[in-house]
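Residues per chain, in single letters:
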Amino acid sequence: MSNRSNGSEPLIVVEGLKKAFYTPAGDFYALKGIDLQIYPGEFVALLGRSGAGKSTLINMLAGIDRPTAGGISIAGQAVHKLSEARLTRWRGREVGVVFQSFQLMPMLTCAQNVMLPMDFAGRYGSPRQQYARACELLATVDIAEHADKLPAAVSGGQRQRVAIARALANDPAFIAADEPTGSLDSRTADAVFAVFQQLVAAGKTIFMATHDRELASHVTRVLRIEDGLIVEDLQLTAVQGEERQHVVEMEA
Ligand SMILES: Nc1ncnc2c1ncn2[C@@H]1O[C@H](COP(=O)(O)OP(=O)(O)OP(=O)(O)O)[C@@H](O)[C@H]1O
Ligand SMILES: [Mg+2]
């Protein structure tokens, strides 16, 4: 549920955000001026056609790429002002990122993949302690029994759960996800989506690009992006959520 109504401060403030890509044909603005405030506990779905700018915006919020103009502040940190080295360190600690293609390290086990961000951040103690934490996180996404397998030896949905556990490694308040269910079949996508819902219920803030309208109807807020501009910002209230749930149950 959004904390907008109870007067809490936004977790993320995006102001006048523009992103140009330099191409042989000239500058191309993939983001043309985005203003946005995201509040703690929101589950935001970003919808839009292919090429609308979803990944570009997610990459800005995750500190993977930098704005051409405008600013992003997350939990009080002006992200666009950080040097490259500090941005990398900040990202490793403060943001969890989940991609459509999982992007796990194939030669590391599931648990080792989850330990990697802890190691980069120098957190959570010895390797043995990091391993224990990785196993706990894998248990929260229901795949503890696969901890010591390589990613190639588990299913797509299980790989995405490993990627979610990895995103949680340093306990970030904010998770950015770029079509996290895009390469999963619909049942597996539902199960992975349910994991995100549990994370939101546990207090995380999630910003998720998706093409899936059905999933997008189960979040707290829907944004639509077109040609690098936000053209729709729809707050789904808790009551609407319950009504939706009710309708779903009646139809089941
Ligand atoms: N590195 C780049 N250089 C030049 N243009 C780029 C680059 N990255 C993205 N673009 C362009 O920016 C626009 C937005 O791309 P983006 O990847 O954000 O779209 P998207 O909404 O994520 O699409 P999809 O649903 O296909 O993932 C597109 O027109 C794309 O071609
Ligand atoms: Mg994309």
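Conventions and cut-offs
- Residues numbered from 1 in each chain as written.
- Chains lettered and ligands numbered in written order.
- Predicted model: local features only at pLDDT ≥ 70, side-chain atom pairs only at ≥ 80, totals over all residues.
- Heavy atoms only, no water.
- Axes fitted to C-alpha atoms, helices over the stretch in contact; angles between N-to-C directions.
- Helix = DSSP H or I, 4+ residues; strand = E, 2+ residues; numbered from the N terminus.
- Parallel < 35°, antiparallel > 145°, perpendicular 65-115°, else oblique.
- Left-handed = near helix turned anticlockwise from the far one by under 90°.
- Contact = heavy atoms within 4.5 Å.
- Salt bridge = Lys/Arg side-chain N within 4 Å of Asp/Glu carboxyl O.
- Buried < 20%, exposed > 50% of the residue type's maximum accessible area, 1.4 Å probe, protein only.
- Expected span 1.5 Å × (residues − 1).

1. Describing the packing of helix H5 (residues 156-167) against helix H6 (residues 186-201)
Piece 1. Packing of H5 against H6 leaves a shortest axis separation of 9 Å and a crossing angle of 20 degrees. Accordingly, the angle class assigned to the pair H5 and H6 is roughly parallel. Once H5 is placed against H6, the crossing between them reads as right-handed. Taken together, the residues of H6 that come into contact with H5 (itself represented by Gly 157, Gln 160, Arg 161 and Ile 164) are Thr 188, Ala 191, Val 192, Val 195, Phe 196 and Leu 199.

2. Topic: the pattern of salt bridges
Piece 1. This model, assessed by the stated rule, comprises 6 salt bridges.
Piece 2. For Lys 19, the salt bridge identified is with Asp 65, shortest N-O distance 3.4 Å. Of this pair, Lys 19 sits in strand E1 (residues 12-23) while Asp 65 sits in the loop between helix H1 (54-61) and strand E4 (69-74), and the two are 46 residues apart along the sequence.
Piece 3. Overall, the relative accessible area of 28% leaves Asp 65 in the partly exposed class.
Piece 4. A salt bridge links Arg 221 to Glu 42; its shortest N-O distance comes to 2.9 Å.

3. Concerning H5
Piece 1. With 12 residues, H5 ought to run about 16 Å at 1.5 Å a step, and its terminal C-alpha atoms sit 16 Å apart, in line with that.
Piece 2. The element H5 is extensively covered by neighbouring structure, given that 9 of its 12 residues are classed as buried.
Piece 3. Where H5 is concerned, the buried positions are Gly 157, Gln 160, Arg 161, Val 162, Ala 163, Ile 164, Ala 165, Arg 166 and Ala 167.
Piece 4. Looking at the buried positions of H5, the neighbouring elements they touch are strand E6 (95-99), helix H3 (110-121), helix H4 (127-140) and H6.

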